[in-house]
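# Structural overview for review
Residue-level listing of the chains:
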Amino acid sequence: MGELDGKVAVITGAGSGMARACTEVFVREGAKVLAADVSGREEETAAELGDAVVPFHCDVTVEADVEAMFAAALEAFGRVDAVLNVAGIGGAQPLADVTLDEYDKIMAVDLKGVMLGTKHGIRAMVPTGGGAIVNWSSTGGMNGSVLPVSVYSAAKAGVIAFTKAAAIEYADRGIRANAICPGFVETEMSGGPGAAERFPQVVQGQALKRGAHPDEIAEVASFLASDRASFMTGAIIPVDGGMTARLP
């Protein structure tokens, strides 16, 4: 018996990185997954993981796409029990050099995309008694960073406040909402396996002086989506190797 037996999850960004790892872990734990991505690689994820995964092409910044994504999940599986708003982009630019186009792009994916996924996830889950939302923030949303990621940090801080508000607003409708704050994770976006070696200024400030594997974040998401986390809502959870535990 897996901890997600019988559950249905919608996971954005599922073509790569942490969302791809979440899809693998959720299937291992017995869930059915609608794997969404804008890249086209959601098809690869579904092909590799089998019939438990249905791919869906979705731009999380477009509300019509997000609404259609949940309609597809309901058509395929009959219900939605968990939503993982993982899709995101980075952006390393000194604040004085940030353009409005860069600002708008980061905010659209990293904050607006989470809002739309949460909004339509709630609409999909409330009729069947509720469910779990797991939003992706970052340690950069909890504190400043040694890297020039001010706009990214602002978006991720917004995810934290938004998740807490959603948890309070919809608790009486059976919705739990929590946020994961990963530290440095060795995904394609950060440079892949071994990427932490190229950013010693980041990992040397952690208790565990290495980057995380995407699976290590996915295991936390699986727990939060499961009934084992039934009394957890509004929690902001660093999964960061001790980065935020350490004073400067």
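Residues numbered from 1 in each chain as written. Predicted model: local features only at pLDDT ≥ 70, side-chain atom pairs only at ≥ 80, totals over all residues. Heavy atoms only, no water.

## Digging into empty space enclosed by the protein
- Following the criterion strictly, the structure yields 1 cavity of 30 Å³ or more and no others.
- Estimates place the volume of the largest cavity at around 30 Å³.
- What lines the largest cavity is T12, V60, N85, V86, A87, V109, G113 and V114.
- For the lining of the largest cavity, the leading source of residues is helix 4 (residues 100-125), giving 3 residues.
- Considered class by class, the residues forming the lining of the largest cavity number 5 nonpolar, 3 polar and no charged. (1 Å grid on protein atoms, 1.4 Å probe; cavity = no way out; pocket = protein on both sides within 12 Å on 5 of 7 lines; lining within 4 Å. Points joined across faces, edges and corners; volume = space filled by probe spheres on them. Helix = DSSP H or I, 4+ residues; strand = E, 2+ residues; numbered from the N terminus. Nonpolar A, V, L, I, M, F, W, Y, C, P; charged D, E, K, R; others polar.)

## A few points about the pattern of salt bridges
- Applying the stated criterion to the full structure yields 10 salt bridges.
- As a salt-bridge pair, E219 and R28 come within 2.9 Å of each other at their nearest N and O atoms. With E219 in helix 8 (residues 214-225) and R28 in helix 1 (residues 17-28), the pair connects residues that are 191 residues apart, well separated along the chain.
- The exposure class assigned to E219 is partly exposed, which follows from its relative accessible area of 34%.
- Connected via shared salt-bridge partners are R20, E24 and E48. (Salt bridge = Lys/Arg side-chain N within 4 Å of Asp/Glu carboxyl O. Buried < 20%, exposed > 50% of the residue type's maximum accessible area, 1.4 Å probe, protein only.)

## Focus: the packing of helix 4 against helix 6 (residues 150-170)
- Across the interface, helix 4 lies against helix 6 with an axial gap of 9 Å and an inter-helix angle of 15 degrees. On the basis of the axis angle, helix 4 is roughly parallel to helix 6. Viewed along their axes, helix 4 and helix 6 form a crossing whose handedness is right-handed. Across from Y103, I106, M107, D110, L111, V114, M115, T118 and I122 in helix 4, the residues of helix 6 making contact are V151, Y152, A154, A155, K156, G158, V159, F162, A166 and Y170.
- Across the contact of helix 4 with helix 6, the residue classes break down as 15 nonpolar, 2 polar and 2 charged. (Axes fitted to C-alpha atoms, helices over the stretch in contact; angles between N-to-C directions. Parallel < 35°, antiparallel > 145°, perpendicular 65-115°, else oblique. Left-handed = near helix turned anticlockwise from the far one by under 90°. Contact = heavy atoms within 4.5 Å.)

## Overview of the side chain of S137
- Structurally, S137 is set in the loop between strand 5 (131-136) and helix 5 (139-142).
- Since its relative accessible area comes to 2%, S137 is described here as buried.
- In terms of polar contacts, S137 uses its side chain to reach the backbone carbonyl oxygen of K156, at 2.8 Å.
- Other than its neighbours up to four places away in sequence, S137 contacts K156, V159, I160, I180, C181 and P182. (Polar contact = N/O pair within 3.5 Å; in protein donor to acceptor, adjacent residues only side chain to side chain.)

## Observations concerning the nonpolar core
- Membership of the largest hydrophobic core comes to 30 residues, with the highest contact counts inside it found for I11, F26, L84, W136, I180 and I217.
- Within the residue set of this core, elements represented by two or more residues are strand 1 (8-12), helix 1, strand 2 (32-37), strand 4 (82-85), strand 5, helix 8 and strand 7 (236-239).
- Per-element tally for this core: the top contributor is helix 1, with 6 residues.
- Apart from residues lying up to four places away in sequence, W136 is in contact with M18, C22, L84, N85, V86, K156, V159, I180, P182, I217 and A221.
- In terms of nonpolar packing, the next biggest core, distinct from the first, is built from 25 residues, F56, V66, A87 and V126 among them. (Core = buried A, V, L, I, M, F, W, Y, C linked by side-chain atoms within 4.5 Å.)

## Structural notes on the layout of surface pockets
- Considered as a void within the structure, the second largest pocket measures approximately 210 Å³ in volume.
- Looking at the second largest pocket, it is lined by 14 residues, and the ones nearest its centre are G17, E186, E188, H213 and P214.
- At the level of secondary structure, the elements contributing two or more residues to the lining of the second largest pocket comprise helix 1 and helix 8.
- Taken together, the residues that form the lining of the second largest pocket break down as 4 nonpolar, 5 polar and 5 charged.

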